[in-house]
Amino acid sequence: QVQLVESGGGLVQPGGSLRLSCAASGFTFSSYVMNWFRQAPGKEREWVATITSGGSTNYRNSVKGRFTISRDNAKNTVALQMNSLKPEDTAVYYCNTRILVRNYWGKGTLVTVSS
């Protein structure tokens with residue numbers, strides 16, 4: 001079965017960096033678009049970044065230039081490098097893929113940006 005497991009969250013000061021990772025299994029990872037979403041307290045889940053099977057990337061405007069999504073098809077992992085973090089980046093970050101008509105989600109990893 002499809003499994004997505006996020007890791008790498010934690011507490012970081014404003015201006016700091018974190019690297020999130022998502023380990024995928026149960027499907028042909030290299031063939032699918034992978035996404036990162038986030039959900040801040042009291043807010044709806046929002047899209048953050050996408051990487052296609054070919055390695056093309058796209059980002060929400062508020063993270064452009066600060067976040068980088070990447071994938072390692074040999075290890076079935078997708079990463080999100082987050083630099084220059086701001087308090088408004090505080091959220092639970094989720095790994096996502098869509099296979100046929102179904103969305104799959106990990107359980108998320110909490111990122112807290114605070115001094």
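In case you missed it, the structure is sitting above this.
Notes on the structure in this doc start here. The shown structure was predicted, so the numbers you read here are calculated from the model rather than taken from an experiment.

## Quick word on the pattern of salt bridges
Evaluation of the coordinates by the stated rule reveals four salt bridges. In this structure, Arg38 engages Glu46 in a salt bridge whose closest nitrogen and oxygen atoms are separated by 2.7 Å. The closest approach of N and O atoms between Arg66 and Asp89, which form a salt bridge, is 2.7 Å. Remark: Asp89 occurs in the loop between β8 (77–82) and β9 (91–99) and Arg66 occurs in the loop between β6 (57–59) and β7 (67–72); sequence separation between them is 23 residues.

## Examining the pairing of β8
Counting buried residues in β8 gives five out of six residues, a clear majority hidden from the surface. Examined bridge by bridge, strand β3 (residues 18–25) and β8 share six bridges and lie antiparallel to one another. If you follow Cys22 over to β8, its bridge partner there is Val78. By the bridge criterion, six bridges tie β7 to β8 in an arrangement that is antiparallel. Of the residues in β8, the one forming a bridge with Arg71 is Val78. The antiparallel hairpin formed by β7 and β8 contains four residues in its connecting segment, where Asn76 sits at a positive phi of about 55°.

The rules behind these values
- Residues numbered from 1 in each chain as written.
- Predicted model: local features only at pLDDT ≥ 70, side-chain atom pairs only at ≥ 80, totals over all residues.
- Heavy atoms only, no water.
- Salt bridge = Lys/Arg side-chain N within 4 Å of Asp/Glu carboxyl O.
- Helix = DSSP H or I, 4+ residues; strand = E, 2+ residues; numbered from the N terminus.
- Buried < 20%, exposed > 50% of the residue type's maximum accessible area, 1.4 Å probe, protein only.
- Pairing = 2+ DSSP bridges.

Spatial relationships are all this shows, so hold off on functional conclusions.
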